[in-house]
Amino acid sequence: MATTLPPVGQVTVISAAPPVPDQRRRGHPLRLVALTLGALMFLFPFYYMLIGSLQDEPDTTPAGALPNPGNLTAANYSDIDDRINLGRTILNSGIFTGGVLLGTVVFGVLAGYALARLHFRGRGLLFGFMLLVQVIPFQLMTIPLYVLIVRNYGLADSYLGMILPFAINSTAVFIFRQYFLQLPKELFEAAHVDGAGELTILLRIALPLVRPALLTAVLLTFIGPWNEFLWPFLITKDQDMQPLAVALANYISNVAARATNPYGALLAGACVLVAPVVVLFVAFQRHFVSTDIGSGVKG
Amino acid sequence: MFGRQPVGLAFVSPYVVFLVMIFAYPLGLAVWMSFHDYFFAAPGVAVDRPFVGFDNYTAVLGDPAVRRAFLNILIFLVINVPLTVVLSLILASALNAAIPFRTFFRVSFYVPYLTASVAVVGVWLFLFNSDGLVNKVLGPLAPEPSWLVNTGLAMPVVAIYVTWKQLGFFILLYLAALQNVPKELYEAAAVDGASRSRAFRSVTVPGVRPATTLVVLLATITGANLFTEPYLLTGGGGPNGTSTSPVLLMYQRGIEQGEPGVAAAIGMVLVIGVLAVSLVNRRLLERD
């Protein structure tokens with residue numbers, strides 16, 4: 001395995017096994033090949049989703065993966081709209097997602113701030129609980145939550161019933177806490193000396209400083225309810241109340257049995273469901289950096 | 001009595017109420033239900049739900065469908081977890097270096113994780129059905145019966161799908177962990193004449209071990225909660241229940257067939273199983 005070391009100071013252009021993994025070198029070919037192959041595997045299904053949604057006749061031959069002007073149509077979009085009422089289901093998804101975002105931003109910020117900066121009884125306990133919630137998966141709570149919300153509170157087919165289990169995203173609370181913790185202590189001391197109350201400090205001083213965290217948490221929180229399937233699926237039987245993901249899933253499981261050509265419409269629905277998330281992520285991706293998750297890993 | 005800044009209690013009270021209502025109470029209810037003959041009744045109607053001891057548990061453990069579901073999830077984890085660890089670490093290390101088009105690569109790796117499984121399952125169905133692109137490309141090599149209706153292949157396809165779907169998140173975790181590996185270690189390895197792959201094995205892998213523990217833990221939990229994929233990708237756990245997951249069974253038993261006590265017992269067994277697997281994993285990973 002031993003390779004001869006180049007003299008110190010010599011710039012390594014290319015060699016079989018460069019001794020120092022130089023962070024500044026512009027891309028080792030093998031690494032680029034691996035990344036490109038990976039990226040292709042990740043992106044191709046999405047590209048194929050779009051192509052498939054635009055095909056007049058489903059073409060599953062390898063040539064069909066390329067756009068064919070003779071086989072293009074937008075009819076699949078109106079077809080899926082006829083079957084699941086895109087406008088209504090998008091509105092339902094929007095209300096569901098909006099409710100969760102509102103709850104998380106208002107109550108989650110308050111909780112995150114208190115956990116980071118205020119000394120009160122039971123803080124350690126609450127922090128431990130918050131971490132525990134993130135390890136216990138939601139699906140295990142499904143049956144008791146169903147009993148509670150649908151059977152006991154009678155909240156089936158309602159937005160409130162959909163929103164409640166997700167109303168405050170614990171991961172977002174955690175991110176808020178980590179960011180509030182990083183703000184310099186002197187800032188808060190100065191505000192206290194000036195006689196500001198905690199709520200004023202939070203709204204006027206702390207919150208404007210953690211705007212990037214707010215954005216990250218909002219993005220992370222957004223994809224939860226927007227993509228969520230199991231819970232809204234359980235509690236909405238009324239088609240007019242179903243979010244897009246649920247309506248689309250019902251369409252998939254109902255037509256999968258009698259498969260003449262359901263794919264065009266199905267993929268059109270899939271594109272509509274995926275598009276907002278992709279657009280938001282691409283627009284804000286530079287805010288969505290690994291350090292946010294890193295703060296979670298390091299505790 | 002309430003601490004130095006009791007106003008903090010007011011700030012956290014909505015969150016505390018939320019945790020009690022949505023987390024603590026249902027968790028207790030799940031345990032209670034699993035020991036009772038629980039059935040649905042109209043809201044507000046008082047009904048007798050007798051204590052049945054371990055009846056639900058013996059029913060669950062003696063049920064071949066349940067045992068098959070747990071075996072399926074084991075098959076799933078055996079494929080999914082190692083694949084997730086290896087691929088996400090390799091891709092994260094590649095992404096960590098200075099490379100052109102970095103933003104493009106990052107975005108493309110995260111997109112499957114960010115998008116709805118319901119939508120992405122749609123295109124996988126299109127790709128993997130008996131008449132789909134994958135079989136067309138494979139030609140005579142295509143499996144018979146096709147992927148999703150093949151008793152031996154349905155679960156592995158689900159496992160690979162989930163690996164692919166979740167990989168972006170785990171790449172993110174490893175990228176964060178890689179920032180903590182001291183650069184001096186790579187330099188020292190180079191001085192000692194270690195090759196690049198040797199440095200990867202001797203510096204990177206041990207350096208990110210805490211992250212690996214976390215990745216294994218999270219991948220196991222996500223895997224144990226598999227529902228959407230067998231429900232949609234293999235048409236409700238088919239063929240012949242070879243891709244049924246415990247959570248799918250919980251839904252079928254608890255809500256479709258109206259036996260929430262049995263469903264709660266499946267949930268409890270699943271939690272205990274996940275805890276046991278996680279403890280074993282931790283022992284193995286944090287050894288030496």
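Residues numbered from 1 in each chain as written. Chains lettered and ligands numbered in written order. Predicted model: local features only at pLDDT ≥ 70, side-chain atom pairs only at ≥ 80, totals over all residues. Heavy atoms only, no water.

S.K.: What is the right way to read the confidence of the model for chain B from this model?
M.R.: In low-pLDDT regions, the fine details of the predicted coordinates are not to be read closely. The pLDDT averaged across chain B works out to 88; a share of 98% of its residues lies at or above 70. Interface predicted TM-score (ipTM) for the complex: 0.88; the corresponding pTM is 0.86. (pLDDT = per-residue confidence, 0-100.)

S.K.: Explanation requested: the confidence of the model for chain A in the structure shown.
M.R.: All names here are of chain A. Confidence in the prediction of chain A, expressed as mean pLDDT, is 81, and 84% of residues score 70 or more. Averaged pLDDT values for the elements of chain A fall to 44 in helix α14 (residues 290-298) and rise to 96 in helix α6 (residues 159-163). For the stretch residues 1-26, pLDDT sits under 50, and the model shows 31 contacts to residues farther than four places along the chain or on other chains. Scored below 50 in pLDDT, residues 290-299 makes 16 contacts in the model with residues more than four places away or belonging to other chains. (Helix = DSSP H or I, 4+ residues; strand = E, 2+ residues; numbered from the N terminus. Contact = heavy atoms within 4.5 Å.)

S.K.: Explain a nonpolar patch on the surface to me, please; I cannot follow it from the model alone.
M.R.: All names here are of chain B. Taken together, the side chains of L71, L74, I75 and V78 present a nonpolar region at the surface, about 340 Å² in accessible area. Here L74 is to be found in helix α3 (residues 64-96). On the basis of relative accessibility, which here comes to 47%, the residue L74 falls in the partly exposed class. (Patch = residues over 30% accessible without salt bridge, like charges linked within 9 Å, V, L, I, M, F, W, Y side chains within 5 Å. Areas by Shrake-Rupley, 256 points an atom, 1.4 Å probe, with all protein chains shown as cover. Salt bridge = Lys/Arg side-chain N within 4 Å of Asp/Glu carboxyl O. Buried < 20%, exposed > 50% of the residue type's maximum accessible area, 1.4 Å probe, protein only.)

S.K.: So what exactly am I meant to see when it comes to the environment of S170 of chain A here?
M.R.: Structurally, S170 of chain A is set in helix α7 (residues 170-182). When its relative accessible area of 6% is taken as the criterion, S170 of chain A is described as buried. With 119 residues separating them in the primary sequence, S170 of chain A and I51 of chain A have C-alpha atoms 38 Å apart. With residues near it in sequence (within four places) discarded, S170 of chain A still touches M130, V133 and Q134 of chain A together with Y15 and L19 of chain B. Within polar-contact distance, the side chain of S170 of chain A engages the side chain of Y15 of chain B at 2.7 Å. (Polar contact = N/O pair within 3.5 Å; in protein donor to acceptor, adjacent residues only side chain to side chain.)

S.K.: When you look at the packing of helix α13 (residues 263-284) of chain A against helix α4 (residues 102-114) of chain B in this model, what are you seeing that I'm missing?
M.R.: When two helices pack together, their arrangement is given by the angle between the helix axes and the distance between those axes. Axis separation between α13 of chain A and α4 of chain B bottoms out at 10 Å; the angle between their running directions is 140°. The handedness of the crossing between α13 of chain A and α4 of chain B comes out as right-handed. Contacts between α13 of chain A and α4 of chain B pair V277, V278, F281 and V282 of chain A from the former with V107, Y110, V111 and L114 of chain B from the latter. Its residues placed into classes, the contact of α13 of chain A with α4 of chain B shows eight nonpolar, no polar and no charged. (Axes fitted to C-alpha atoms, helices over the stretch in contact; angles between N-to-C directions. Left-handed = near helix turned anticlockwise from the far one by under 90°. Nonpolar A, V, L, I, M, F, W, Y, C, P; charged D, E, K, R; others polar.)

S.K.: I keep staring at the packing of aromatic side chains and nothing clicks. Help me out?
M.R.: Here a ring pair, both rings aromatic, is described through the centre-centre distance and the interplanar angle of the planes. Enumeration according to the criterion identifies 38 aromatic pairs over all chains in this entry. Residues F44 of chain A and Y48 of chain A carry aromatic rings whose centres are separated by 5.2 Å and whose planes lie at 20° to one another, so their mutual orientation is stacked. Here F44 of chain A and its partner Y48 of chain A are both found in helix α1 (residues 29-54), four residues apart, which amounts to about one turn of the helix. Judged by its relative accessible area of 29%, F44 of chain A falls in the partly exposed class. With a centroid separation of 5.6 Å and an interplanar angle of 85°, the aromatic rings of F128 of chain B and W147 of chain B are classed as edge-to-face. A residue pair is termed long-range when its members are at least 10 positions apart, and F128 of chain B in helix α5 (residues 117-128) and W147 of chain B in the loop between α6 (133-138) and α7 (154-178) qualify at 19 residues. (Phe/Tyr/Trp six-rings, centres within 6.5 Å; stacked < 30°, edge-to-face > 60°.)

S.K.: How should the interface of chain A and chain B be read in this particular structure?
M.R.: Many analyses report the size of an interface as the accessible area lost when the parts associate. Contact residues are listed per partner, giving 105 residues for chain A and 101 residues for chain B. Buried area between chain A and chain B, summed over both chains or domains, comes out near 9400 Å², and the portion from carbon and sulfur atoms is 78%. Three residues, L35, F42 and I143 of chain A, lead the burial of chain A against chain B; their summed loss comes to 8% of the area buried on that side. Across the chain A-chain B interface, the total number found is ten residue pairs in polar contact (both at pLDDT 80 or more). Its residues assigned to classes, the side of chain A that touches chain B comprises 76 nonpolar, 20 polar and nine charged. (Buried area = accessible area lost by both parts, 1.4 Å probe.)

S.K.: Just to check I follow, could you spell out unusual backbone geometry for this structure?
M.R.: With the exception of glycine, most residues fall at negative phi, and the peptide bonds are largely trans. Residues and elements named next belong to chain B. Residue P145 follows E144 across a cis peptide bond; omega there is -10°. A positive phi angle, close to 55°, is found at N240, a residue other than glycine. Checked against the element boundaries, N240 lands in the loop between α11 (228-233) and α12 (246-256).

S.K.: Could you clarify how one ought to interpret the side chain of T73 of chain A in this entry?
M.R.: Here T73 of chain A shows up in the loop between α1 and α2 (75-84). At 2.8 Å, the side chain of T73 of chain A and the backbone nitrogen of A75 of chain A are in polar contact.

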